[in-house]
Amino acid sequence: EGTISVKELSDKLKKPVTEVIRELIFVGVMAGINQEIDFETAEKLCKKFDVQAIEKEEEEGAVEEDTDLEEDINGVKRSPIITVMGHVDHGKTSLLDAIKQTDVTSTEAGGITQHIGAYTVKVNNETLTFLDTPGHEAFTAMRARGAKITDIVILVVAADDGIMPQTVEAINHCKAAEVPMIIAINKMDKVGANPDRVKQELTEHGLVAEDWGGDVICVPVSAHTREGLEQLLEMVVLSSEMMELKADPDRNAKGTVVEARLDKGRGPVATLLVQNGTLKVGDSIYVGTTYGRIRAMFNDKGEKIKEAGPSMPAEILGLSDVPSSGERFVVAKDEKTARARADKKAESIRQEKFQKSHKVSLEDLYSQI
Ligand code: GTP
Ligand code: MG
């Protein structure tokens, strides 16, 4: 079983040792600076600092810090991940369709996006990875998640409708995740399109357009006439180049589940976004309480692939169950290890549930006295 010393943990968390020791007391562990603590305890502590702990393979026996968008300083250039957000019906999917020059909206149920789709698009020599999110109010969690796994957000605002509730919500998610936004003022072809009104409303949320003296890039576009699309993509490429995004393709892959479903013929199918490393057919992965060996892998065009590098989405077959979107996946050294990790996670969830139900029943008891 992996352990880590309090000192090492504080280094990894970049928090003072005293703070780590204090937090340890709160989770019921009295420990000195050189004391080794077990993974479960380290994990609890990491949670407090909003860091996800991932246990390393046994032989290394330590805890690895794992943030959502980690930069790999030893890495090579990777493509940007761009999430398209905005209020329902403001034209997110249409805009992506126009960028891809295909037509996903017409195959969607009622034209409403139900899930995040992931697509790669080549612009000149750059590959861009796009995630589409639903604008419906029921999908707050997906928008929050989208903001977390992304480098840049394209915020779509319909020029004839302006800032609406889910626009504001998306702005707040981006601010919280510190993700830069590029505003696409869409539906410019429509009668009543008023980009100045959009810019005015943006200022009410602290976003001042460049031509109004601020630093927020606003591009008027139309998904229907394709007006402004080139400029929008140019802005995306420019912004991403300034970020100098990096990843290490030689590592074991990790990343996030974008969407997952049960397919009648093929079993659990999951779209994964690789955030670091390279994911390969035959890899054993675990994700939440699910695990499996990757049996087959497809790209966003439905073509069979053997591997997927950093920033690439891939649809995979071979999981034991359907994972939840937003969950992190990690490659383990073999299927046995992957299964052990998944089982451990299931066990800790069971315990947490038991403790909760236990607590409730005690409270119930008191309330009856
Ligand atoms: P959700 O996924 O449900 O949140 O919607 P969405 O933001 O993806 O919007 P979608 O692309 O489905 O477009 C909604 C409606 O607006 C459709 O009827 C589109 O044809 C229309 N639309 C989108 N972009 C434009 C545009 O540039 N001009 C005009 N005139 N209509 C547009
Ligand atoms: Mg849509």
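See the structure printed just above.
Each value, and the rule that gives it
- Residues numbered from 1 in each chain as written.
- Chains lettered and ligands numbered in written order.
- Predicted model: local features only at pLDDT ≥ 70, side-chain atom pairs only at ≥ 80, totals over all residues.
- Heavy atoms only, no water.
- Core = buried A, V, L, I, M, F, W, Y, C linked by side-chain atoms within 4.5 Å.
- Buried < 20%, exposed > 50% of the residue type's maximum accessible area, 1.4 Å probe, protein only.
- Helix = DSSP H or I, 4+ residues; strand = E, 2+ residues; numbered from the N terminus.
- Contact = heavy atoms within 4.5 Å.
- Polar contact = N/O pair within 3.5 Å; in protein donor to acceptor, adjacent residues only side chain to side chain.
- Pairing = 2+ DSSP bridges.
- Axes fitted to C-alpha atoms, helices over the stretch in contact; angles between N-to-C directions.
- Phe/Tyr/Trp six-rings, centres within 6.5 Å; stacked < 30°, edge-to-face > 60°.
- Lys NZ or Arg CZ within 6 Å of the ring centre and 35° of its normal.
- Expected span 1.5 Å × (residues − 1).
- Left-handed = near helix turned anticlockwise from the far one by under 90°.
- Nonpolar A, V, L, I, M, F, W, Y, C, P; charged D, E, K, R; others polar.

*Asks:* Hey, could you run me through the nonpolar core in this one?
*Replies:* Within soluble globular proteins, side chains that are nonpolar generally end up buried alongside one another. Judged by nonpolar contacts, the single largest core of 26 residues is most densely connected at Leu95, Leu128, Phe130, Ile154 and Leu232. Residue assignment for this core shows that the elements contributing at least two residues are strand E6 (81–86), helix H4 (92–100), strand E7 (117–123), strand E8 (126–132), strand E9 (152–158), strand E10 (181–186), strand E11 (217–220) and helix H8 (229–243). The leading source of residues in this core is H8, at six residues. Ignoring sequence-local partners within four residues, the contact set of leucine 128 consists of Pro80, Ile82, Tyr119, Thr120, Val121, Val123, Leu233, Val236 and Val237. Formed by 20 residues, the second largest nonpolar core is a distinct cluster that contains Leu155, Ile171, Ala209 and Cys218.

*Asks:* How do you make sense of the environment of threonine 150 when you look at a structure like this?
*Replies:* Tracing the sequence through the fold places threonine 150 in the loop between helix H5 (140–148) and E9. Exposure remark for threonine 150: the relative accessible area of 1% places this residue in the buried category. Sequence spacing of threonine 150 and valine 29 is 121 residues, and the spatial spacing of their C-alpha atoms is 36 Å. For threonine 150, the side chain forms a polar contact with the side chain of threonine 83, separated by 2.8 Å. At 3.1 Å, the side chain of threonine 150 and the backbone oxygen of isoleucine 152 are in polar contact.

*Asks:* Teacher, can you tell me more about the side chain of histidine 87 here?
*Replies:* Topologically, histidine 87 is positioned in the loop between E6 and H4. Side-chain polar atoms of histidine 87 contact the backbone nitrogen of glutamine 166, separated by 3.2 Å. Apart from residues lying up to four places away in sequence, histidine 87 is in contact with Lys92, Gly135, Val156, Met164, Pro165, Gln166 and Thr167.

*Asks:* Is there a simple way to think about the sheet that holds E8 in this case?
*Replies:* By definition, the strands of a sheet pair up through backbone hydrogen bonds, in either a parallel or an antiparallel sense. If you walk across this open sheet you meet the six strands as E7-E8-E6-E9-E10-E11, and the pairing is mixed. The open sheet has two edge strands, E7 and E11, and neither has a second partner. Between one strand axis and the next, the sheet turns by 25° as a mean value, whatever way the strands run. Taken together, the five bridges between E6 and E9 define a ladder with parallel strand orientation. Its bridge partner lying in E9, valine 84 is registered against isoleucine 154. Taken strand by strand, helix H7 (residues 195–203) contacts E9, E10 and E11, and its axis lies near 145° from that of E10.

*Asks:* Sorry if this is basic, but what is going on with the packing of aromatic side chains here?
*Replies:* In this description, an aromatic ring pair is defined by two values, namely the gap between the centres and the angle between the planes. All told, the structure shown has zero aromatic pairs when counted by the stated rule. The cationic tip of lysine 100 hangs over the ring face of tyrosine 119; the distance from NZ or CZ to the ring centre is 3.4 Å.

*Asks:* What am I meant to see in H8 here?
*Replies:* Under the 1.5 Å per step criterion, the end-to-end length of H8 is 21 Å for 15 residues, consistent within 8% with the ideal 21 Å. Those residues of H8 that fall on the buried side of the exposure criterion are Leu229, Leu232, Leu233, Met235, Val236, Val237, Ser239 and Ser240. Where H8 ends, the next residue or the one after it, glutamate 244, has phi of about 50°, a positive value.

*Asks:* Where do I start with the packing of H5 against helix H6 (residues 165–177) in this structure?
*Replies:* Helix-helix packing: each pair is described by the crossing angle between the helix axes and the interaxial distance. The geometry of H5 relative to H6 is characterised by a closest axis approach of 9 Å and an angle of 35° between their N-to-C directions. Crossing of H5 against H6: the hand is right-handed. Side by side, H5 and H6 meet where Thr140, Arg143, Ala144 and Ala147 of the first sit next to Gln166, Glu169, His173, Cys174 and Ala177 of the second. Broken down by class, the residue content of the contact of H5 with H6 amounts to four nonpolar, three polar and two charged.

*Asks:* Looking at this model, I keep getting lost on H6. Mind explaining?
*Replies:* In an α-helix there are 3.6 residues to a turn, and that puts residues three or four apart on one side. A rise of 1.5 Å per residue sets the reference length of H6, with its 13 residues, at 18 Å; its end C-alpha atoms lie 19 Å apart and thus fit the reference within 8%. Taken residue by residue, H6 has Gln166, Thr167, Glu169, Ala170, Ile171, His173 and Cys174 as its buried positions.

*Asks:* Which parts of the structure should I look at to understand the pairing of E7?
*Replies:* The side chains of a regular strand alternate, first on one face of the sheet and then on the other. For E7, the tally of buried residues reaches six of seven residues, placing the bulk of the element in the interior. Relative to E8, E7 runs antiparallel, the two being bridged by seven bridges. Each residue of the ladder has a partner; that of glycine 117, found in E8, is aspartate 132. Turn length for the E7-E8 hairpin, with the two strands adjacent in sequence and antiparallel, is two residues, and the turn residue asparagine 124 shows positive phi of about 50°.

*Asks:* I'm lost on unusual backbone geometry in this one. Help?
*Replies:* Note on backbone geometry: most residues besides glycine have negative phi, and most peptide bonds are trans. Look at glutamate 244: it is not a glycine, yet its phi comes out positive at around 50°. Structurally, glutamate 244 can be placed in the loop between H8 and strand E12 (246–247). Unusually for a residue other than glycine, serine 311 sits at a positive phi of about 70°. Relative to the assigned elements, serine 311 resides in the loop between strand E19 (307–308) and strand E20 (313–319).

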